[in-house]
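Fold and contact review
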Amino acid sequence: MSGSVRVRFAPSPTGHLHVGGARSALFNWLFARHHHGTYILRIEDTDRSRSTEEHTQALQEALLWLGLSWDEGPPTPGYRQTERLDIYREHAERLLAAGRAYRCRCTPETLEAQRREAEARKETFRYPGTCRNANVPASEPHALRLAIPHEGQIVIHDVVRGDVVVSHAELDDWILVRTDGTPTYNFCVVVDDVTMGITHVIRGNDHLSNTPKQLLCYEALGYPVPVFAHISMILAPDKTRLSKRHGATAVLAFRDLGFLPEAMVNYLARLGWSHGDQEIFTLDEMIEHFDLARVGAADAVFDREKLEWVNHQWIRRLPAERLARDLEPFLARAGLPPARDAAWLARVVESLRERARTLVEMAEQATFYFKAPAGYDPQATARFWKEHAKERYALLIKRLEAQEAMDPAALEGLYRFLAADLGLKLVDLAQLTRIALTGRTASPPIFEVVSILGRTETLARLKAAAAAAGSAR
RNA sequence: GGCCCCAUCGUCUAGAGGCCUAGGACACGGCCCUCUCAAGGCUGAAACACGGGUUCGAAUCCCGUUGGGGCCA
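Definitions and cut-offs
Residues numbered from 1 in each chain as written. Chains lettered and ligands numbered in written order. Predicted model: local features only at pLDDT ≥ 70, side-chain atom pairs only at ≥ 80, totals over all residues. Heavy atoms only, no water. Axes fitted to C-alpha atoms, helices over the stretch in contact; angles between N-to-C directions. Helix = DSSP H or I, 4+ residues; strand = E, 2+ residues; numbered from the N terminus. Parallel < 35°, antiparallel > 145°, perpendicular 65-115°, else oblique. Left-handed = near helix turned anticlockwise from the far one by under 90°. Contact = heavy atoms within 4.5 Å. Nonpolar A, V, L, I, M, F, W, Y, C, P; charged D, E, K, R; others polar. Buried < 20%, exposed > 50% of the residue type's maximum accessible area, 1.4 Å probe, protein only. Expected span 1.5 Å × (residues − 1). Phe/Tyr/Trp six-rings, centres within 6.5 Å; stacked < 30°, edge-to-face > 60°. Lys NZ or Arg CZ within 6 Å of the ring centre and 35° of its normal. Disulfide = S-S within 2.5 Å. Near = heavy atom within 4 Å. Polar contact = N/O pair within 3.5 Å; in protein donor to acceptor, adjacent residues only side chain to side chain. Salt bridge = Lys/Arg side-chain N within 4 Å of Asp/Glu carboxyl O. Core = buried A, V, L, I, M, F, W, Y, C linked by side-chain atoms within 4.5 Å. Pairing = 2+ DSSP bridges. 1 Å grid on protein atoms, 1.4 Å probe; cavity = no way out; pocket = protein on both sides within 12 Å on 5 of 7 lines; lining within 4 Å. Points joined across faces, edges and corners; volume = space filled by probe spheres on them. pLDDT = per-residue confidence, 0-100.

Re the packing of helix 16 (residues 408–422) against helix 18 (residues 446–453)
- At their nearest, the axes of helix 16 and helix 18 sit 9 Å apart, and the two run at 120° to each other. Considering their axes alone, helix 16 and helix 18 lie oblique with respect to each other. With respect to the hand of their crossing, helix 16 and helix 18 are arranged in right-handed fashion. Counted together, Pro408, Leu411, Glu412 and Tyr415 of helix 16 and Phe447, Glu448, Val450 and Ser451 of helix 18 form the full contact between these two elements.
- Residues of the contact of helix 16 with helix 18, tallied by class, amount to five nonpolar, one polar and two charged.

Quick word on helix 6 (residues 211–221)
- Summarising burial for helix 6: nine of the 11 residues are buried, a large majority.
- Taken together, the buried positions of helix 6 are Thr211, Pro212, Gln214, Leu215, Leu216, Cys217, Tyr218, Ala220 and Leu221.

Things to note about helix 2 (residues 53–66)
- Its 14 residues place the ends of helix 2 20 Å apart at the C-alpha level, agreeing with the 20 Å of an ideal helix rising 1.5 Å per residue.
- Of the positions making up helix 2, those classed as buried are His55, Thr56, Ala58, Leu59, Gln60, Ala62, Leu63, Trp65 and Leu66.
- Backbone geometry just downstream of helix 2 places Gly67 in the positive-phi region, at approximately 90°.

Here we look at the packing of aromatic side chains
- In total, this model carries 12 aromatic pairs according to the counting rule given.
- Among the aromatic residues, those joined into a ring-pair cluster are Phe27, Trp273, Phe281 and Phe290.
- A cation sits over an aromatic face here: Arg145 above Tyr127, 3.5 Å from the ring centre.

What to know about the state of the cysteines
- Inspection of the entire model under this criterion finds zero disulfides.
- Unpaired in this structure, Cys106 has its nearest cysteine sulfur neighbour in Cys131, at a distance of 3.5 Å.
- Accessibility expressed as a relative area gives 16% for Cys106, which makes it buried.
- Counting only cysteine sulfurs, Cys217 is the nearest neighbor of Cys188, a cysteine outside any disulfide, at a range of 10 Å.

Looking at the protein's contact with RNA strand B
- Taken together, 49 residues are adjacent to RNA strand B, and Arg115, Arg161, Gly272, Arg416 and Arg434 come closest.
- Counting only atoms of RNA strand B within 4 Å of the protein, the sugar-phosphate share comes to 81%.
- In this structure, a base oxygen belonging to RNA strand B sits 2.5 Å away from a side-chain N or O atom of Arg434.
- Secondary structure elements with two or more residues in the surface near RNA strand B: helix 4 (108–120), strand 11 (300–301), helix 10 (304–317), helix 17 (426–438) and helix 18.
- Partitioned by chemical class, the residues of the surface near RNA strand B number 16 nonpolar, 11 polar and 22 charged.

Considerations on the pattern of salt bridges
- Scanning all chains against the criterion turns up 33 salt bridges.
- A salt bridge links Glu401 to Lys463; the nearest nitrogen and oxygen atoms lie 3.3 Å apart. Of this pair, Glu401 sits in helix 15 (residues 389–402) while Lys463 sits in helix 19 (residues 455–472); the two residues are 62 residues apart in sequence, bridging distant segments of the chain.
- The exposure class assigned to Glu401 is partly exposed, which follows from its relative accessible area of 44%.
- Shared partners join several salt bridges into a network, and the residues in it are Arg8, Arg42, Glu44, Arg84, Asp192 and Asp193.

Details of the nonpolar core
- Residues Leu17, Leu66, Leu268, Phe302, Tyr369 and Tyr393 are the most contacted members of the largest nonpolar core, which totals 111 residues.
- Here this core takes nine residues from helix 1 (residues 19–34), the largest share from any one element.
- Beyond its immediate sequence surroundings of up to four residues, Tyr393 is in contact with Trp385, Leu432, Thr433, Ile435, Ala436, Leu462, Ala465, Ala466 and Ala469.
- Ranked by size, the runner-up nonpolar core spans 32 residues in total, among them Ala92, Ile156, Leu171 and Leu221.

Considering the sheet that holds strand 3 (residues 101–104)
- The three strands are arranged 3-4-7 in an open sheet whose pairing can be described as antiparallel. Where the open sheet ends on each side, the last strands, each with one partner, are strand 3 and strand 7 (175–177). The average angle at which neighbouring strand axes cross in this sheet is 40°, direction not considered.

Structural notes on the layout of surface pockets
- Reported here for the largest pocket is a volume of approximately 1,400 Å³.
- For the largest pocket, the lining is made up of 45 residues, of which Ser12, Thr14, His18, Asp206 and His207 are closest to its centre.
- Of all elements in the fold, only strand 1 (6–9), helix 1, strand 8 (200–204) and strand 10 (234–235) reach the threshold of two or more residues within the lining of the largest pocket.
- Per element, the largest residue contribution to the lining of the largest pocket is six residues, and it comes from helix 1.
- Grouping the amino acids of the lining of the largest pocket by side-chain chemistry returns 15 nonpolar, 19 polar and 11 charged.

Focus on the confidence of the model for chain A
- Confidence along chain A averages 95 in pLDDT terms, with 99% of residues attaining 70 or more.
- Across the interfaces of the predicted complex, the ipTM metric reaches 0.96, alongside a pTM of 0.95.

As for the packing of helix 3 (residues 85–97) against helix 5 (residues 185–195)
- Packing of helix 3 against helix 5 brings their axes to within 10 Å, and their N-to-C directions diverge by 100°. Between helix 3 and helix 5, the angle is such that the two are roughly perpendicular. Facing helix 3, whose interface residues are Ile87, Tyr88, His91, Ala92 and Leu95, helix 5 presents Phe187, Cys188, Val191, Asp192 and Thr195.
- Classifying every residue of the contact of helix 3 with helix 5 by side-chain character gives seven nonpolar, two polar and one charged.

Written out as structure tokens, the structure is:
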């Protein structure tokens, strides 16, 4: 395979891009990049009532955030179905002229009655082909139906599922164009895919059942069929369809929850795809190793815990400067004042990255760097503010005031020396300091914290704690 | 309801007939490391849905059952 590969992601702008759609986009994108092909974004907005411009924009924003940019698509005209109505009409006319489609004047009422009769007979209703040879004149209100063969079967050659065989008898003469003149979903998809030269259709397994109908349409149009790959669905932990009821499902919601695009894409790729025992992949590594033949057929459960772990891995390996930039909106949202400067914020990030699974967590954990503790954890003070607390704080203040070097190693030396001097363990002084600086008993390494906070701020907080510890007793 | 798809630890997966006393990862437990929390190292518990075949031999192939999902209605 070479540069001739053309794939597409074709979402309907009827809602936010959810994780399932994002994974379809990702697999198409990876496949295109791996084969140096073309990745197209097509907006399937024929459902005028539910499609909105807001969703169309949000969809693109989400895709771009994930890093999945498209080679062809909006804002270039011609990639929205509503801009392609002439193309559908033209193809419908061709099918009609070729005798592969016919006008049907059956009313919804008639069809509904027939459906009920079939149901009463415990049969599955299929359009009986009433108008197939009726030569309904164009002047009458009519829908357009595809004339499909009565006998035989159709087979889908699916890269992930193998051959799927469906008997023609299971299908019926489905509607290509409704009485009101609007083309149906399945018809648009086929026309779009052929006219856009799509070579591989990679989409969710929920489309597998539509594929036989579409295949018959390709055939009627006389076009070659693309290669199909129906990838598995993403399920909720209770193995039902993923929905808002299960928490966040929209890609942009995960962004706002503090997940990184690298992590999102990495996690999504590992759902149904693997490469040995490797768990963490850069986009480049995914492009290099991605292979449709190695995509699994079984549905996958979306696991927030593992996503958080992957996110943590990315928080640990991305450059601190980059994380600092991404963190800023979360700091602002937490009501914290702006950082002194980028380099300082990078140090903050550096100290926090080992323990934050999301940027929201990181912003929360960063609070004490921006403002002195509003109070002290009662459990902490009860445990550490014993009789000697005040005098130990005083000693620490005295030593720190005399301390020149404020790098973590030097500070550790100071603390160890003082602890030995007092016959204490390092932990005793460290925890007293931690409570004073952060209000809690858990934080990044305390000498890092002191170093980042600086002498002035550290001393101020130690003095405040000394006073509080004194009055607490 | 009809048709289609799927089925390895709780979850994501490796496994493409003998390499399997079924491997890795998340989560969970223990130990170690340690200024706290993390991170890390070691370690433990944890799966081939069930039943028939095929084969010298099946997690791997076939059939059925069950369960889940999807499409159409």
